[in-house]
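Chain by chain, the residues run as shown.
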Amino acid sequence: MSHACTSPARLALLLAVALTAACGFHLQRPAELPASLKALRIDTEDAQSEFHLALRRQLHAAGVDTDATASDAATVRILRDATSERVLSVSARNVPTEYELSYSVRLAVSAGGHELLPAEEFMLTRDYSFDETALLAKQHERDLLSAALARDLASVVMRRLASVQ
């Protein structure tokens, strides 16, 4: 009797899987980087920045050796890694109620004395509301949003690196 109860559930699950596969859905895989970038160094002023850490994690997931010391290893130079914030709206009492958070990075890639990717800037922005009565919670939300922007930027950079010849 329990088989009869689970049979429709199994059928529904199989149908969902088949529809998902039919629509072209695939789990996100790490970017496939060219052979010239399989061993590289990351040159940055802030080795603890959210972007740098996110980029290292994504490079490792793609099978890249980021601690390469060979002279022919590629170099990713992070020229700028910064966040900025600006007020989007204020209340009647002139208290900020909404901010725009921007995360931007500028980087260049070289290998063997050749520039593979000239200095290029990447930037993402997100808006968030602000409530002065929940100051600690909103600061935590800002920090989480900054980390999410860094991860998203690292993904954008990984796709750009995958297109390098």
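What counts, and where the lines are drawn
- Residues numbered from 1 in each chain as written.
- Predicted model: local features only at pLDDT ≥ 70, side-chain atom pairs only at ≥ 80, totals over all residues.
- Heavy atoms only, no water.
- pLDDT = per-residue confidence, 0-100.
- Helix = DSSP H or I, 4+ residues; strand = E, 2+ residues; numbered from the N terminus.
- Salt bridge = Lys/Arg side-chain N within 4 Å of Asp/Glu carboxyl O.
- Buried < 20%, exposed > 50% of the residue type's maximum accessible area, 1.4 Å probe, protein only.
- Core = buried A, V, L, I, M, F, W, Y, C linked by side-chain atoms within 4.5 Å.
- Pairing = 2+ DSSP bridges.
- Expected span 1.5 Å × (residues − 1).
- Arc of directions from axis to C-beta.
- Contact = heavy atoms within 4.5 Å.
- Axes fitted to C-alpha atoms, helices over the stretch in contact; angles between N-to-C directions.
- Phe/Tyr/Trp six-rings, centres within 6.5 Å; stacked < 30°, edge-to-face > 60°.

A few words now on the confidence of the model for the protein. Counting all residues, the mean pLDDT for the protein is 83, and 84% of those residues have values of 70 or more. Within the protein, helix α1 (residues 2-22) has the poorest average pLDDT of any element, 63, and helix α2 (residues 50-61) the best, 94.

A few words now on the pattern of salt bridges. All told, the structure shown has seven salt bridges when counted by the stated rule. We note a salt bridge from glutamate 100 to arginine 86, for which the minimum N-O separation is 2.8 Å. One end of the pair, glutamate 100, is in strand β3 (residues 96-111); the other, arginine 86, is in strand β2 (residues 74-90), with 14 residues separating them in the sequence. Assessed through its relative accessible area of 17%, glutamate 100 is described here as buried.

Moving on, we get to the nonpolar core. Counting residues in each nonpolar core, the largest one holds 34 residues, and the members touching the most others are Leu37, Leu40, Phe51, Leu55, Leu59 and Leu161. At eight residues, the largest contribution of residues to this core is made by helix α3 (residues 135-162).

A separate point is the pairing of β3. As a general feature of sheets, a regular strand has side chains that alternate between the two faces. When you tally the buried positions in β3, you get twelve out of 16 residues, the bulk of the element. Bridge count between β2 and β3: 14 bridges; the pairing is antiparallel. When the bridges of β3 are listed, valine 90 appears paired with proline 96. Where β2 folds back on β3, the antiparallel hairpin that results is connected by five residues, among which asparagine 94 adopts a positive phi of roughly 65°. Where β3 and strand β4 (residues 114-129) come together, 13 bridges link them in antiparallel fashion. Of the residues in β4, the one forming a bridge with serine 102 is threonine 125. Once β3 ends, the chain turns through two residues before running back antiparallel as β4, passing glycine 112 with a positive phi of about 55°.

What follows concerns unusual backbone geometry. Backbone geometry places asparagine 94, a non-glycine residue, at a positive phi of 65°. The topology assignment puts asparagine 94 in the loop between β2 and β3.

Time to look at α2. With twelve residues, α2 extends 17 Å between its outermost C-alpha atoms, agreeing within 8% with the 16 Å of an ideal straight helix rising 1.5 Å per residue. Among the residues of α2, those classed as buried are Phe51, His52, Ala54, Leu55 and Leu59. Within α2, the buried residues cover an arc of 165° as seen down the axis, which keeps them to one side. The exposed set on the far side of α2, more than 90 degrees from its buried face, consists of Arg57 and Ala61. In this fold, the buried residues of α2 make contact with β1 (40-43), β2, β3 and α3. Directly after α2, the chain includes glycine 63, whose backbone phi takes a positive value near 80°.

In spatial order, the strands read β1-β2-β3-β4; together these four strands make up an open sheet with mixed pairing. A strand with exactly one partner marks an edge of an open sheet, and here the two such strands are β1 and β4. For this sheet, the mean inter-axis angle between neighbouring strands, taken without regard to orientation, is 20°. Running at roughly 170° to β1, α2 makes contact with β1, β2 and β3 of the sheet.

This part is about the packing of aromatic side chains. Centre distance and the angle of the planes are the two values used to describe a pair of aromatic rings. Summed over the entire model, instances satisfying the criterion amount to one aromatic pair. Both rings, one in tyrosine 99 and one in tyrosine 128, keep their centres 5.7 Å apart while their planes meet at 20°; by these two values the pair is stacked. Taken together, the positions of tyrosine 99 in strand β3 and tyrosine 128 in strand β4 put the pair 29 residues apart, joining distant regions of the chain. With respect to burial, tyrosine 99 and tyrosine 128 carry one shared label: buried.

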